[in-house]
Amino acid sequence: MEQLKKMLGAALADAVARATAARGWPPVAVPEVTWEYPPEPSFGDLSTTLSFALAKQVRRSPRDVATAIQQTLDVDPALVAKVEVAGPGYLNVFVANGWWQGVLREVLGAGPSYGRASIGQGQRVQVEFVSANPTGPLHVGHGRGAALGDAVANLLEAVGYGVEREYYINDAGSQMRLLGESVWARHLEAKGKPVQFPENGYHGEYVRELAERVSAVVPGLADAEAEQAIPACAAQASQILLGEIEADLRAFGVVFDSWVSERSLYDSGEVEAALATLRAGGYLYEEGKAIGFRASDFGDEKDRILIRSSGEPTYFTSDIAYHANKIRRGFHRLINIWGADHGGYIPRVKAAIRALDHDPEILRVILLQMVKVLRSGAPVPMSKRTGEFVELREVVNEVGKDAARFLFLTRRSEAQLDFDIEAAKRQSMDNPVFYVQYGHARACSMARKAAEAGLPGPYADADLAHLTLPEELGIMKHLAIYPEMVLHSALAHEPHRVTTHLQELAAAFHGYFTKYKDSEERVISGDRDLSRARLAMVAAVRQVIANGLALLGVSAPERM
RNA sequence: GCGCCUGUAGCUCAGUGGAGAGAGCAACUGCCUUCUAAGCAGUGGGCCGGGCGUUCGAGUCGCCCCAGGCGCACCA
């Protein structure tokens, strides 16, 4: 498609030059020709508004300009059937059937790599996502982040970037201490010792079970001093939870390349080093016993405390060291996926990156809106404070990883997501996952039927000129646009475009199938050549659905 | 009060500055002796939150309102 557009653009530029010269119009600068897909078949396959841009320069109406171009235009009839001037000056291009048919050969030739590109040129990109504190099990919101991060990573890989998936473990600081306090308190409770549960502690039921498991590993907890018991509980509990988090993610189909621990940044001296760099730059100041960073000098709305009066560093301090660490590792781009409630945090991280003398543009943060979980239309309450939330594990067990991942990726990240568990489980029209997967299964089924009928594949040598039904051309157009959809989706970090495109492709395919299945135009018919051409198209549909689902991390079943 | 995000069909949401604004669900009407009816075809349903601007052209860009969400810590 890109190639076709490029050739047409060149032909148009050439036509403009000759048309203006022939008519004695002033010479014009031809802008880059942009193409769009017209809203209606009668407007052709591609359309450009080039004449609107030129009209002013030559002081003629867009319609006159368009007509002049159209009359002068010289294009290969193998590519273009006709060009029309329409409306106030659109140039509508009707692409030749042969060109669309050629797309099928491209798909079948490229196979799993159809849609891949090399624009990334191997540049290294890091995608950091999930990064949930190891203070509890992953919930549905984390699942959305996991699906998004993994899909963004897949997309970037598909267009030629070297991608690393990273999980940042917040295993230092006050949340860890709270976890330790909560676990210890539950243990003491279990031992019948009266305790006051920490005010902001973790109230979830899982903490009781955690306390049991921790006490099995750490002896003598009940009689220990708080200063020994709490860190021990925190360390053991977070290790157990981290193991569960990793297992849950694996079950969800998400595997990280690296896990970086916050504590390790302290142990290695990187936090100290980052502070020293900022101090040397004169970007730190004292406020009482606390130490702050002049973030407002770098675009943040206010200055930020790095070291509390108590001497404890804030979360931000290690995060500065963490981002310095990422940049040091040589990535060309850093992508962070955060919950929308961390949006206000972006300017201060960018300020820190700038203060450390790096370009803050290296960092791109994708903010993810909340997931509202429903069950048969009724909201399921979620609150980390009270420990009531729907765990990712439950959802994966109940609806499966495919449905969960696909549905998480049907919305833009900025849009809040309603996730209805009952609807996700339903294997019906409510459920776009099954619709798309069914398209794949149906194509596989047709290939099996064809083999039984003595028409086995491959079909790469079929005479594709037979494919001229409007539905067939429609399907081929979807296949043709797939690569640029992947490219846009990758560069914009928007996997939802993939789910949308796959639904459209599946709809075109299901519609085609049903319309002709009982007619003379059915795919597998008495006409051998025609059948093989159609089977080639079916094979291409199967391939593109499989490729698209792979980007989303969703399986493409051969039978359903 | 300030900042970011979001307002599109009854519901959930798509929609690269371009031509009667789309899909799924829900409602209604049809279609199974034949490649999977987990499907398909059709009908109804819209001041694209409001206003002003930029532009030949605005759901899309800018400004101002209105409504909702999230932030505005020596929490993360």
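Residues numbered from 1 in each chain as written. Chains lettered and ligands numbered in written order. Predicted model: local features only at pLDDT ≥ 70, side-chain atom pairs only at ≥ 80, totals over all residues. Heavy atoms only, no water.

Asks: Tell me what's going on with the overall build of chain A, and back it up with residues and numbers.
Replies: Summing up its helical and strand segments, chain A has 19 helices and 14 strands in all. In terms of principal-axis extent, the alpha carbons of chain A reach across some 90 × 65 × 40 Å. Counting every position in chain A, which comprises 560 residues, the buried fraction comes to 51%. Residue pairs at least 24 apart in sequence account for 73% of intrachain contacts in chain A once pairs closer than 6 positions are excluded. Split by element, the accessible area of chain A, about 25200 Å² in all, is 50% carbon and sulfur. (Helix = DSSP H or I, 4+ residues; strand = E, 2+ residues; numbered from the N terminus. Buried < 20%, exposed > 50% of the residue type's maximum accessible area, 1.4 Å probe, protein only. Contact = heavy atoms within 4.5 Å. Areas by Shrake-Rupley, 256 points an atom, 1.4 Å probe, with all protein chains shown as cover.)

Asks: Explain the domain arrangement of chain A to me, using residue names and the numbers behind them.
Replies: Here chain A is described as being made up of domain 1 (2-95), domain 2 (101-117 + 431-552), domain 3 (124-171 + 253-280 + 315-368), domain 4 (174-241) and domain 5 (371-425). Averaged C-alpha coordinates put domain 1 and domain 5 at centres separated by 48 Å. (Domains from an automatic or database assignment.)

Asks: Please provide a residue-by-residue account of the sheet that holds strand 5 (residues 162-169), values included.
Replies: Taken in spatial order, the five strands line up as 6-5-4-10-11 in an open sheet, and their pairing is parallel. Each end of this open sheet is capped by a strand with a single partner; those strands are strand 6 (258-261) and strand 11 (363-368). Strand-to-strand, the axes of this sheet are offset by a mean angle of 25 degrees, without reference to chain direction. Of the pairings in the sheet, the one linking strand 5 to strand 6 comprises four bridges and is parallel in character. What sits directly across from Y167, in strand 6, is W259. Against the sheet, helix 8 (residues 226-251) engages strand 5 and strand 6, with an angle of about 145 degrees to strand 5. (Pairing = 2+ DSSP bridges. Axes fitted to C-alpha atoms, helices over the stretch in contact; angles between N-to-C directions.)

Asks: Tell me about unusual backbone geometry, and name the residues and values.
Replies: Backbone geometry places R59, a non-glycine residue, at a positive phi of 55 degrees. Here R59 shows up in the loop between helix 2 (50-58) and helix 3 (62-72). What makes R59 exposed here is its relative accessible area of 72%. In this model, S131 sits at a positive phi of 45 degrees, which is unusual for a non-glycine residue. The class of S131 is buried, set by a relative accessible area of 14%.

Asks: Tell me what's going on with helix 14 (residues 401-408), and back it up with residues and numbers.
Replies: By the criterion of burial, helix 14 is predominantly enclosed, with seven of the eight residues buried. Along helix 14, the residues that are buried comprise D402, A403, A404, R405, F406, L407 and F408.

Asks: I'd like a rundown of the side chain of S489, residues and numbers included.
Replies: Tracing the sequence through the fold places S489 in helix 17 (residues 470-491). According to the relative accessible area criterion, S489 is buried, its value standing at 0%. Within the structure, S489 has its side chain in polar contact with the backbone oxygen of E494 (distance 2.7 Å). (Polar contact = N/O pair within 3.5 Å; in protein donor to acceptor, adjacent residues only side chain to side chain.)

Asks: Got a sec to walk through the pattern of salt bridges? Specific residues and values, please.
Replies: What the rule picks out here adds up to 36 salt bridges. Between R412 and E414 there is a salt bridge; the shortest N-O distance is 3.5 Å. Residue classification places E414 among the partly exposed positions, given a relative accessible area of 47%. A network of salt bridges, in which partner residues are shared, links E209, R213, E244, D248 and R393. (Salt bridge = Lys/Arg side-chain N within 4 Å of Asp/Glu carboxyl O.)

Asks: Account for the environment of K302, naming residues and giving values.
Replies: With respect to the element layout, K302 can be found in the loop between strand 8 (290-293) and strand 9 (304-307). In sequence terms K302 and N170 are 132 residues apart; their C-alpha atoms lie 24 Å from each other.

Asks: Explain helix 3 residue by residue, including any values.
Replies: Buried within helix 3 are the following residues: V65, A66, A68, I69 and T72. In an axial view of helix 3, the angular spread of the buried residues amounts to 160 degrees, which keeps them on one side of the axis. Buried positions along helix 3 lie against helix 1 (2-23), helix 2, strand 2 (80-86) and strand 3 (90-95). (Arc of directions from axis to C-beta.)

Asks: Mind laying out the sheet that holds strand 7 (residues 284-287), listing which residues take part and the relevant values?
Replies: Judged by pairing direction, the sheet is antiparallel, and its three strands sit side by side in the order 7-8-9 without closing on themselves. The open sheet has two edge strands with one neighbour each: strand 7 and strand 9. Between one strand and the next, the sheet's axes are offset by a mean angle of 45 degrees, whatever the strand orientation. In terms of strand pairing, strand 8 meets strand 9 through three bridges, oriented antiparallel.

Asks: Pulling in residues and values, what's your account of the environment of Q369?
Replies: Within the secondary structure layout, Q369 lies in the loop between strand 11 and strand 12 (371-375). Between the alpha carbons of Q369 and E520 there is a distance of 50 Å; along the sequence they are 151 residues apart. Once you skip the residues sitting within four places of it in the chain, Q369 turns out to touch R144, A340, S413, E414, A415 and Q416.

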